[in-house]
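# Observations on the three-dimensional arrangement
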Amino acid sequence: RVGVWNINDHSLVIMLEGHNDWVSDVSWFPNGTQALSASWDGTVIHWDLNSESEPIMRVFEGHQGGVMQVTVADDGLTALSGSRDSGVFLWDIDNGEPVRVLQGHSDDVISLEWTDGHTRAYSASYDGTVRYWRVFIDEVPEDDVTEGVPIEKDNEKVGDITVPATSFPTGVTEISGQVTYID
């Protein structure tokens, strides 16, 4: 279940039900009236927060493992999801279909960040790598889609990645507690 709370009076606005397992992440659309949720049931759900009777707009399916992270692009038209199946899916929000699967990680994908609007992204994985993807929706160089650019850090388990508004430097938090900046 996904709970939406009013931060002013701490009241529950709506409880959204649709996943069959733990909800691991929620990402808001720029308009503030829609959201995507990721779940260990392997799905991403697109929610309309203005509809109490039919809040599920669509269910995105395709991952072979629990979805750990989801993030909506600034344009609200595309999203990325990362999973325990080591895949990063690029989704078309309008039809709920994967545009492509970004391959390159060998373990759970646990963090995703868009940069440069919706043209580039980073993914972090328990395999100890951060990958940089050039994600052009209309024209994608094939080598950028299939491999990405690995940024390895001494085989440490990566815990999270954060991209500031300026895009650089990028911070990578490791399970060991260290923060590394990538130029």
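Up top is the structure.
Everything in this summary refers to the structure shown in the same document.

About the criteria used
- Residues numbered from 1 in each chain as written.
- Predicted model: local features only at pLDDT ≥ 70, side-chain atom pairs only at ≥ 80, totals over all residues.
- Heavy atoms only, no water.
- Pairing = 2+ DSSP bridges.
- Helix = DSSP H or I, 4+ residues; strand = E, 2+ residues; numbered from the N terminus.
- Axes fitted to C-alpha atoms, helices over the stretch in contact; angles between N-to-C directions.
- Phe/Tyr/Trp six-rings, centres within 6.5 Å; stacked < 30°, edge-to-face > 60°.
- Buried < 20%, exposed > 50% of the residue type's maximum accessible area, 1.4 Å probe, protein only.
- Salt bridge = Lys/Arg side-chain N within 4 Å of Asp/Glu carboxyl O.

Turning to the sheet that holds strand E10 (residues 97-102), a few remarks are in order. Taken together, the four strands give an open sheet; going across it, the order is E7-E8-E9-E10, and neighbouring strands pair in antiparallel fashion. Across the chains shown, the open sheet's two edge strands, defined by having one partner strand only, are strand E7 (67-72) and E10. Going across the sheet, the axis of each strand differs from the next one's by a mean of 25°, ignoring polarity. Where E7 lies against strand E8 (residues 78-83), five bridges are found, and the strand directions are antiparallel.

Right, let's get into the packing of aromatic side chains. Under the definition given, this model contains three aromatic pairs. Relative to Trp91, the ring of Phe60 lies with its centre 5.1 Å away and its plane at 35°, an arrangement referred to as tilted. Pair noted here: Phe60 is in strand E6 (residues 56-60) and Trp91 is in strand E9 (residues 88-92), with a separation of 31 residues, a long-range link. The residues Phe60 and Trp91 share a single accessibility class, namely buried. Arranged with centres 5.1 Å apart and planes meeting at 50°, the rings of Tyr122 and Tyr132 form a pair that is tilted. Of this pair, Tyr122 sits in strand E12 (residues 120-125) while Tyr132 sits in strand E13 (residues 129-134); the two residues are 10 residues apart in sequence, bridging distant segments of the chain. Of the two residues examined, Tyr122 and Tyr132, each falls in the buried class.

One pass over the full model with this rule turns up two salt bridges. Among the ionic pairs, Arg1 bridges to Glu17, the shortest N-O distance being 3.7 Å. Placement of the pair is Arg1 in the segment before strand E1 (2-5) and Glu17 in the loop between strand E2 (12-16) and strand E3 (23-28), with a sequence separation of 16 residues. For the pair formed by Arg1 and Glu17, the shared burial category is exposed. Residues Asp108 and Arg84 are paired through a salt bridge, measuring 3.4 Å at the closest nitrogen-oxygen approach. With a gap of 24 residues between them, Asp108 in the loop between E10 and strand E11 (109-115) and Arg84 in the loop between E8 and E9 connect regions that are remote in the sequence. By relative accessible area, which is 11% here, Asp108 ends up buried.

This part is about the pairing of E3. The side chains of a regular strand alternate, residue by residue, between the two faces of the sheet. Across five bridges, E3 lies against strand E4 (residues 34-39) in antiparallel orientation. Looking at E4, one finds that Trp28 is bridged to Ala35. Between E3 and E4, which pair antiparallel one after the other, the connecting turn spans five residues, and Gly32 there sits at a positive phi close to 75°.

As far as function goes, none of this settles anything; it's purely spatial.
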